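Structural overview
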Amino acid sequence: MPVVRQLLAANEVYAEGHEPQRVPGAWPTRRLAVITCMDARIDVFAVLGLHLGEAHVLRNAGGRVTDDILRSLALSTHVLGTDTVVLMQHTKCGLAGVTDAQLHDITGAEVHFLPIDDHGDALGEDVDLIASTPYLAPIRRIVGLVYDIESGHAECLIDWRRESQP
Ligand SMILES: [Zn+2]
């Protein structure tokens, strides 16, 4: 069966048992946004013990902080009450150990792919970017994790807290 038909058939089954009241509202109950890679091997909810309704999950290639992540975080914080951000990169990422030039050649896309040389450095850059963005001042804590695809463990490399204003 073609994939789209499979999806729509699965949705028919899902809709039969759908309970709209299961999640009380649009506000993530853990006041949390998780940014991670689009890698199909990462089950974000399972890895971090999350349930439906508890967090915003934003995914892209590499789990890097892009303009669109900042746009989403602006709404996540100011409209939907989040104050904690988890950045989760992972081992064996397709963006690790490659260069922009290589990715330009492969894709033909003249965009900045934000490749990852070192997880600590890349997470540091992304934490700094969020922490220094004035409109993201509601964010009080940002952690940078590396999830190990093989072992399932997520290691915390960065744990940043905003100093409270006197
Ligand atoms: Zn990845």
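Bear in mind that the values here come from a model prediction, so they are computed numbers and not experimental data. (Residues numbered from 1 in each chain as written. Predicted model: local features only at pLDDT ≥ 70, side-chain atom pairs only at ≥ 80, totals over all residues. Heavy atoms only, no water.)

Quick look at the pairing of strand S3 (residues 84–90) now. Within a regular strand, side chains alternate between the sheet's two faces. Counted residue by residue, S3 has six buried out of seven residues, so it is predominantly covered. Pairing geometry for strand S1 (residues 32–37) and S3, over five bridges, is parallel. Along S3, the bridge assignment pairs Leu32 with Thr84. For S3 and strand S4 (residues 141–147), the ladder comprises seven bridges, and the chain directions are parallel. By the bridge assignment, Gln89 is partnered in S4 with Val146. (Buried < 20%, exposed > 50% of the residue type's maximum accessible area, 1.4 Å probe, protein only. Helix = DSSP H or I, 4+ residues; strand = E, 2+ residues; numbered from the N terminus. Pairing = 2+ DSSP bridges.)

Right, let's talk about helix H5 (residues 119–131) for a bit. Here H5 contains 13 residues, and its C-alpha end-to-end distance of 18 Å stays within 8% of the 18 Å for a straight helix at 1.5 Å per residue. Listed in full, the buried residues belonging to H5 are His119, Ala122, Leu123, Gly124, Asp126, Val127, Ile130 and Ala131. The inward-facing, buried residues of H5 abut S1, helix H3 (67–78), S3, S4 and strand S5 (154–161). Two or three places before Gly120, at the start of H5, stands the capping residue Asp118, its side-chain oxygen 3.0 Å from that residue's backbone nitrogen. (Expected span 1.5 Å × (residues − 1). Contact = heavy atoms within 4.5 Å. Polar contact = N/O pair within 3.5 Å; in protein donor to acceptor, adjacent residues only side chain to side chain.)

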